[in-house]
Amino acid sequence: MHRPSERGFTLIELLVVIAIIGVLSAIITVVLSSARAQGSDAGVKSALVSARAQAELFYQANGNRYSVSLNDTTTNVCHPTALAGETKGVYAMLLNAAEAAGVPEENIITKVSGKGGSGGEGFVTCHACPAVTGPGSCSGLNSNAWAIEVPLKDNLPPTENPDFWCIDSSGFSARNVDGSRLSLGDTRCL
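Heads up: these notes are all about the structure in this document. All chains use their own residue numbering, which begins from 1 and follows the written sequence. Under the rules for a predicted model, residues below a pLDDT of 70 receive no local features and side-chain atom pairs below 80 are neither given nor counted, while totals for whole chains, interfaces and linings still include all residues. Calculation of side-chain values draws on the structure's entire complement of heavy atoms; hydrogens and water are dropped beforehand.

## Describing the sheet that holds strand β3 (residues 108-109)
What makes two strands pair is DSSP finding at least two bridges between them. Numbering goes from the N terminus for both helices and strands, where a helix is a DSSP run of H or I of at least four residues and a strand is a run of E of at least two. On the basis of which strands lie adjacent, the open sheet formed by five strands has the order β3-β4-β5-β6-β7 and mixed pairing. Edge strands, defined here as strands with exactly one partner in the open sheet, are β3 and β7 (173-176). Examined bridge by bridge, strand β5 (residues 145-151) and strand β6 (residues 164-168) share five bridges and lie antiparallel to one another. Within β6, the residue paired with Val150 across the bridge is Trp165. Residues are treated as being in contact if the distance between any of their heavy atoms lies within 4.5 Å. Each axis is a line fitted through C-alpha atoms, and for a helix only the stretch in contact is used; angles between axes span 0 to 180 degrees, taken between their N-to-C directions. The strands touched by helix α1 (residues 11-61) are β5, β6 and β7; relative to β5, the strand with the most contacts, the crossing angle is about 165°.

Following this line, the structure appears as structure tokens:
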């Protein structure tokens, strides 16, 4: 009696197919992860473009100043309660940038000096200085100016410290590679 031949896949063929599927899924995971990080970074940049426009509206409404004094919060363009006439500050855009970067709201720094005034990894930092003529953290180039720095998810090239996107009132807008650049009272990204 002759049995019809039953032909199936060999164990080797099955293992090769499984290995190919594994390699393809690893590649897709890396590509999607990179695309997700780039999308997040695009959200940060978009929020900061809006912040720049809002800061200039606030500047005009606030008597051509980004901040009136170091102690006053309502006239500091970065502060959550900033209001000049009917023009709000940039805090709503800071929230949008923080959300895109995965930074919690409690890690948004809007102080110019003192405890918590310097950002870094995991922080969104916004500094605004009043016009100052004497010595201090807001004198010189930092006088009557602002800067915002937000961490990026897609570090190019990969480094130990995260890259940041930084914009300031001088018109600068670029990636700060390998770590935070804004220190206490800084209102310039470079």
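## Describing α1
In a helix, the anticipated span is given by 1.5 Å times the number of residues less one. Between its terminal C-alpha atoms α1 stretches 75 Å, which fits the 75 Å expected from 51 residues at 1.5 Å a residue. Among the residues of α1, those classed as buried are Ala37, Ser40, Asp41, Val44, Ala47, Leu48, Ala51, Gln54, Ala55, Phe58 and Tyr59. Those residues of α1 that are buried lie in contact with β1 (83-84), β2 (87-88), α2 (91-101), β5, β6 and β7. Looking at the residues trailing α1, positive phi occurs at Gly63, about 70°. Exposure categories follow from relative accessible area, calculated using a 1.4 Å probe and restricted to protein chains: below 20% of the type maximum is buried, above 50% is exposed, and the middle band is partly exposed.

## Details of the pattern of salt bridges
Any carboxyl oxygen of Asp or Glu within 4 Å of a side-chain nitrogen of Lys or Arg constitutes a salt bridge here. Inspection of every chain in the model, using the stated rule, returns one salt bridge. Residue Arg175 is joined to Asp163 by a salt bridge in which the shortest nitrogen-to-oxygen separation is 3.0 Å. Of the two residues, Arg175 is situated in strand β7 and Asp163 in the loop between β5 and β6; the sequence distance between them amounts to twelve residues. Taking the relative accessible area as the measure of exposure, Arg175 reaches 21% and is therefore partly exposed.

## Let's talk about the nonpolar core
As used in this record, nonpolar core signifies buried Ala, Val, Leu, Ile, Met, Phe, Trp, Tyr and Cys residues forming a set joined through side-chain atoms within 4.5 Å. Ranked by internal contacts, the top residues of the largest apolar core, which has 31 residues, are Val77, Val90 and Ile148. Secondary structure elements with two or more residues in this core: α1, α2, β4 (124-129), β5 and β6. Leave out the neighbours within four places in its chain, and Val90 touches Ala51, Gln54, Ala55, Val77, Cys78, Cys126 and Ile148. Among the nonpolar cores identified, the runner-up in size contains five residues, and Ala147, Phe172, Leu182 and Cys189 belong to it.

## Observations regarding the environment of Val49
Mapped onto the elements of the fold, Val49 is located in helix α1. The spatial distance from the C-alpha of Val49 to the C-alpha of Met93 is 8.9 Å, given a sequence separation of 44 residues.

## Here's the deal with the state of the cysteines
Only a pair of cysteine sulfur atoms within 2.5 Å qualifies as a disulfide here. A full pass over the atoms with the stated rule returns two disulfides. A sulfur-sulfur separation of 1.9 Å characterises the disulfide bridge that pairs Cys78 with Cys126. Between Cys78 and Cys126, the S-S torsion sits near -60°, and that sign places the bridge as left-handed. Highlighted residues: Cys78 in the loop between α1 and β1 and Cys126 in strand β4, separated in sequence by 48 residues. Exposure class is identical for Cys78 and Cys126. Each is buried. Here Cys166 connects covalently by a disulfide to Cys189, the sulfurs 2.0 Å from one another. Measuring the twist about the S-S bond at about -80°, one finds the Cys166-Cys189 disulfide to be left-handed. Separated by 23 residues along the polypeptide, Cys166 in strand β6 and Cys189 in the segment after β7 bring together distant segments of the chain. Each member of the pair, Cys166 together with Cys189, is buried.

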